[in-house]
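Overview (structure and organization)
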Amino acid sequence: QVQLVESGGGLVQAGGSLRLSCAASGSISNFYVMGWYRQAPGKQREWVAAIFDGGRTNIAGSVKGRFTISRDNAKNTVYLQMNGLKPEDTAVYYCNGNGSSSSYWGQGTQVTVLS
């Protein structure tokens with residue numbers, strides 16, 4: 001059983017930056033894709049970014065140009081660099097890892113952007 005633990009959330013002023021980390025208890029090389037999702041109060045969880053085992057990345061249109069996703073296989077960690085934060089980015093951010101037959105989620109980290 002792999003555990004994913006997010007960190008790096010917090011309170012930030014609009015226009016500021018945060019870097020979220022997702023540390024896996026096992027090798028992230030076992031996941032063919034890892035991603036970040038977010039859920040704002042009263043809204044459905046939405047996909048934010050994904051990174052595939054070959055390094056290819058996809059970013060949601062709503063955050064493209066502001067957010068980047070990266071991975072460090074040696075540290076078994078995936079990152080979400082968030083720049084130019086807006087109040088509408090306020091949400092709980094979740095890390096997800098998909099293997100060949102299993103999907104894992106972290107517990108989430110709160111990001112609050114003040115206007």
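Let me sum up the structure you'll find in this document.

This brings us to the sheet that holds strand S7 (residues 67-72). Spatially, the 4 strands line up as an open sheet ordered S1-S3-S8-S7, and their pairing is antiparallel. Each edge of the open sheet is held by one strand with a lone partner, namely strand S1 (4-7) and S7. Averaged over all pairs of adjacent strands, the angle between their axes in this sheet comes to 15 degrees, without regard to strand direction. Here S1 runs beside strand S3 (residues 18-24); their pairing, made up of 4 bridges, is antiparallel. The residue of S3 that forms the bridge with Leu4 is Ala24.

Here we come to the state of the cysteines. Under the criterion given, the structure shown has 1 disulfide. Residue pairing for Cys22: its cysteine sulfur links by disulfide to Cys95, the two sulfurs lying 2.0 Å apart. In this structure the cystine formed by Cys22 and Cys95 twists about its S-S bond by roughly -75 degrees; its chirality is therefore left-handed. On the criterion of sequence distance, the pair formed by Cys22 in strand S3 and Cys95 in strand S9 (residues 91-98) is long-range, its members being 73 residues apart. Judged by its relative accessible area of 0%, Cys22 falls in the buried class.

Turning to its location among the elements, Glu6 is positioned in strand S1. Despite being buried, Glu6 has no salt bridge partner; Arg45 is the closest side chain of opposite charge, sitting 7.5 Å away. Only 3.0 Å separates the side chain of Glu6 from the backbone nitrogen of Gln107, close enough to count as a polar contact. Residue contacts for Glu6: discarding those within four places in its chain leaves Ser21, Cys22, Trp36, Tyr93, Tyr94, Cys95, Gly106, Gln107, Gly108 and Thr109.

Each value, and the rule that gives it
Residues numbered from 1 in each chain as written. Predicted model: local features only at pLDDT ≥ 70, side-chain atom pairs only at ≥ 80, totals over all residues. Heavy atoms only, no water. Pairing = 2+ DSSP bridges. Helix = DSSP H or I, 4+ residues; strand = E, 2+ residues; numbered from the N terminus. Axes fitted to C-alpha atoms, helices over the stretch in contact; angles between N-to-C directions. Disulfide = S-S within 2.5 Å. Buried < 20%, exposed > 50% of the residue type's maximum accessible area, 1.4 Å probe, protein only. Lys, Arg positive; Asp, Glu negative; His and termini not counted. Salt bridge = Lys/Arg side-chain N within 4 Å of Asp/Glu carboxyl O. Polar contact = N/O pair within 3.5 Å; in protein donor to acceptor, adjacent residues only side chain to side chain. Contact = heavy atoms within 4.5 Å.

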